[in-house]
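# Coordinates in review
Here's the letter readout for the chains.
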Amino acid sequence: MEKKKRKISIANKILLVVAVVIVTGVSYLGYCVYAEKDIPLLNALFDIKTNKDFTAEELASALKKDSKNIDKIIVYTADTDPNKLMGKTGAYTGKAAFSDKRYKQDKKDPIGGSIEVFDTQDDAVARYDYIKSITQKMQFLQEYMYRNGKYLLRISGDLKASQAEEYQKIFNDIISK
């Protein structure tokens, strides 16, 4: 028997190239979702629906609603931000602080926690890493920090780990809804 040579038509070659491009794109998309990468072009092309964008005030209010321990919420503006970072490149775009009813509060800074909202996940990671590098070196500044996407929850080190974890669970539940 003589082997027949198969000729691949130009149309089949084009289909093969298109298939490879699609598989590669879908694989990369899967990687981005797994690695929590925010790729705006892919989001637009594939109509990816991400979690709702929350403001710091919305997150703090939802946290208060779901936690019996939050008393007062302070929503900062660029003028009232104690760190004077709001709105600067790479910094948070929103910040809210809250007091925990279980602790005696002073009039200036509430003992409880704060929520910072960033434009991108990378900005939130950079802030998380920056704060962590400082607090690890200075015991008196230590706090609990939890990052979820472009949101950062900071809980006062005056609270117990179990109390901070309560806030973390509620925070993650709110964002994942």
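Shown above is the structure to which this text applies.
Here the structure is a predicted model, which is why all the values come from computation and not from measurement. Every chain is numbered independently, its residues counted from 1 as its sequence is written. Local features are withheld for residues below a pLDDT of 70 in this predicted model, meaning they are given only at 70 or higher, and side-chain atom pairs are given and counted only at 80 or more; totals for whole chains, interfaces and linings count all residues. Processing note: side-chain calculations cover all non-hydrogen atoms of the structure and skip hydrogens and water entirely.

Secondary structure follows DSSP: runs of H or I at least 4 residues long count as helices, runs of E at least 2 residues long count as strands, and numbering of each begins at the N terminus. With respect to the helices, strands and loops of the structure, Lys95 is situated in strand E2 (residues 94-100). Residues Lys95 and Thr55, spaced 40 residues apart in sequence, show a C-alpha to C-alpha distance of 8.2 Å. With sequence-adjacent residues up to four places away left out, Lys95 is seen in contact with Ala56, Ile74, Val75, Tyr76, Asp81, Asn83, Met86, Ser114, Ile115, Glu116 and Arg154. Polar contacts, as counted here, are pairs of nitrogen or oxygen atoms within 3.5 Å of one another; within protein the pair requires one atom able to donate a hydrogen and one able to accept it, and residues that are adjacent in sequence qualify only if both atoms are side-chain atoms. Engagement of the side chain of Lys95 in a polar contact is seen with the side chain of Glu116, the distance being 3.1 Å. The contact rule is simple, with two residues in contact once any of their heavy atoms fall within 4.5 Å.

Attention now moves to the packing of aromatic side chains. Two rings belonging to Phe, Tyr or Trp (six-membered ring only in the last case) form a pair when the distance between their centres is within 6.5 Å. Interplanar angles under 30 degrees mark stacking, angles over 60 mark edge-to-face geometry, and anything in between is tilted. The full count for this structure, using the stated rule, is 3 aromatic pairs. Ring plane angle 55° and centroid distance 5.3 Å describe the contact between Phe98 and Tyr167, whose orientation is recorded as tilted. Highlighted residues: Phe98 in strand E2 and Tyr167 in helix H5 (residues 161-176), separated in sequence by 69 residues. With respect to burial, Phe98 and Tyr167 carry one shared label: buried. The rule is simple: take the accessible area with a 1.4 Å probe, protein chains only, and divide by the maximum for that residue type; under 20% is buried, over 50% is exposed, in between is partly exposed.

That's the geometry; what it means functionally is another story.
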